[in-house]
Amino acid sequence: MERVTGIGGVFFRSARPDVLRRWYAEHLGLEVEDWGGAVLTAAGGETLTWSIFDAGTDYFGPSGQQLMVNFRVRDLDAMLEQLRAAGVVVDDHVHEIEFGRFGWAVDPEGNRFELWEPA
């Protein structure tokens, strides 16, 4: 059975993303990069991406949800197939970039989540 191996990222919407990014930088010391987020590195070397998206983004799917979690997985294809076999709604699109491969699915309450297989 495939399992999540960690949290790869936490993403949320904001009506004023630039203002909110500056607030987190000023008050929590996050080093917000030009792309709109920060990469936090644990003592063991694993990273977590934190990012604020514009309130109008469709990246979280059509539900209007405020927050999306990115889960790290070992084998994206196996995880997506396992979810499909269990009747979970899975996005057929898989996205691949230099950082790895990404897929999406929806929990029983309609919350879209992201799955990430690091490169």
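Refer to the structure above for everything that follows.
Note that the structure is a prediction, hence the values are computed from the model and not measured.

When helices and strands are counted, the chain shows two helices and eight strands. Secondary structure elements of the chain, listed N to C terminal, follow the sequence β-α-β-β-β-α-β-β-β-β. Relative to the compact-globule value of 14 Å for 119 residues, the chain shows a C-alpha radius of gyration of 15 Å, a close match. In terms of overall dimensions, the chain has C-alpha extents of about 45 × 35 × 20 Å along its principal axes. Contacts in the chain between residues far apart in sequence, at least 24 positions, make up 58% of those at least 6 positions apart. On the chain, roughly 7,300 Å² of surface is accessible, and the fraction owed to carbon and sulfur atoms is 54%. Side chains of the chain carry 10 positive and 20 negative charges; the gap between the two charge centres is 3 Å.

A word on the pattern of salt bridges. Under the defined criterion, the tally for this structure stands at eight salt bridges. Where Asp18 meets Arg21, a salt bridge forms, and the shortest distance between an N and an O atom there is 2.7 Å. Here Asp18 pairs with Arg21, and both are found in helix H1 (residues 17-28), just three residues apart, close to one helical turn. Residue Arg21 is classed as buried on the basis of its relative accessible area of 15%. Across the pair Arg72 and Glu46 runs a salt bridge whose closest N-O atoms are separated by 3.3 Å. In this pair, Arg72 sits in strand S4 (residues 67-73) while Glu46 sits in the loop between strand S2 (37-41) and strand S3 (47-54), placing the two residues 26 residues apart along the sequence. A network of salt bridges, in which partner residues are shared, links Asp77, Glu96, Arg101 and Glu117.

One finds Val73, Leu76, Met79, Leu80, Leu83, Val90, Ala105, Phe113 and Leu115 forming the largest nonpolar core, which totals nine residues. Of all the secondary structure elements, the ones that give two or more residues to this core are helix H2 (76-85) and strand S8 (112-118). Setting aside chain neighbours within four positions, we find Met79 in contact with Glu2, Arg3, Val4, Val73 and Leu115.

The rules behind these values
- Sequence order sets the numbering: in each chain, residues are counted from 1 along the sequence as written.
- Reporting in this predicted model follows two pLDDT cut-offs: at least 70 for local features of residues, and 80 or more for side-chain atom pairs to be given and counted; totals over whole chains, interfaces and linings ignore these cut-offs and use all residues.
- Processing note: side-chain calculations cover all non-hydrogen atoms of the structure and skip hydrogens and water entirely.
- A helix here means a DSSP run of H or I that spans at least four residues, while a strand means a run of E at least two residues long, and both kinds are numbered starting from the N terminus.
- In this treatment the radius of gyration is a C-alpha quantity, and the globule benchmark scales as 2.2 Å times the residue count to the 0.38 power.
- Only heavy atoms matter for contacts: two residues are in contact if any of them lie within 4.5 Å across the pair.
- Per-residue and other accessible areas follow the Shrake-Rupley method at a 1.4 Å probe size, with only the shown protein chains counted as cover for residues.
- The convention is simple: Lys and Arg are positive, Asp and Glu are negative, and His and the chain ends are not counted.
- The atom standing in for a charge is NZ when the residue is Lys, CZ when it is Arg, CG when it is Asp and CD when it is Glu.
- Think of a salt bridge as a Lys or Arg side-chain nitrogen and an Asp or Glu carboxyl oxygen that are within 4 Å of each other.
- Exposure classes here rest on a 1.4 Å probe applied to the protein chains alone. A residue is buried below 20% of its type maximum, exposed above 50%, and partly exposed in between.
- Throughout this description, the term nonpolar core refers to a set of buried Ala, Val, Leu, Ile, Met, Phe, Trp, Tyr and Cys residues connected via side-chain atoms within 4.5 Å.

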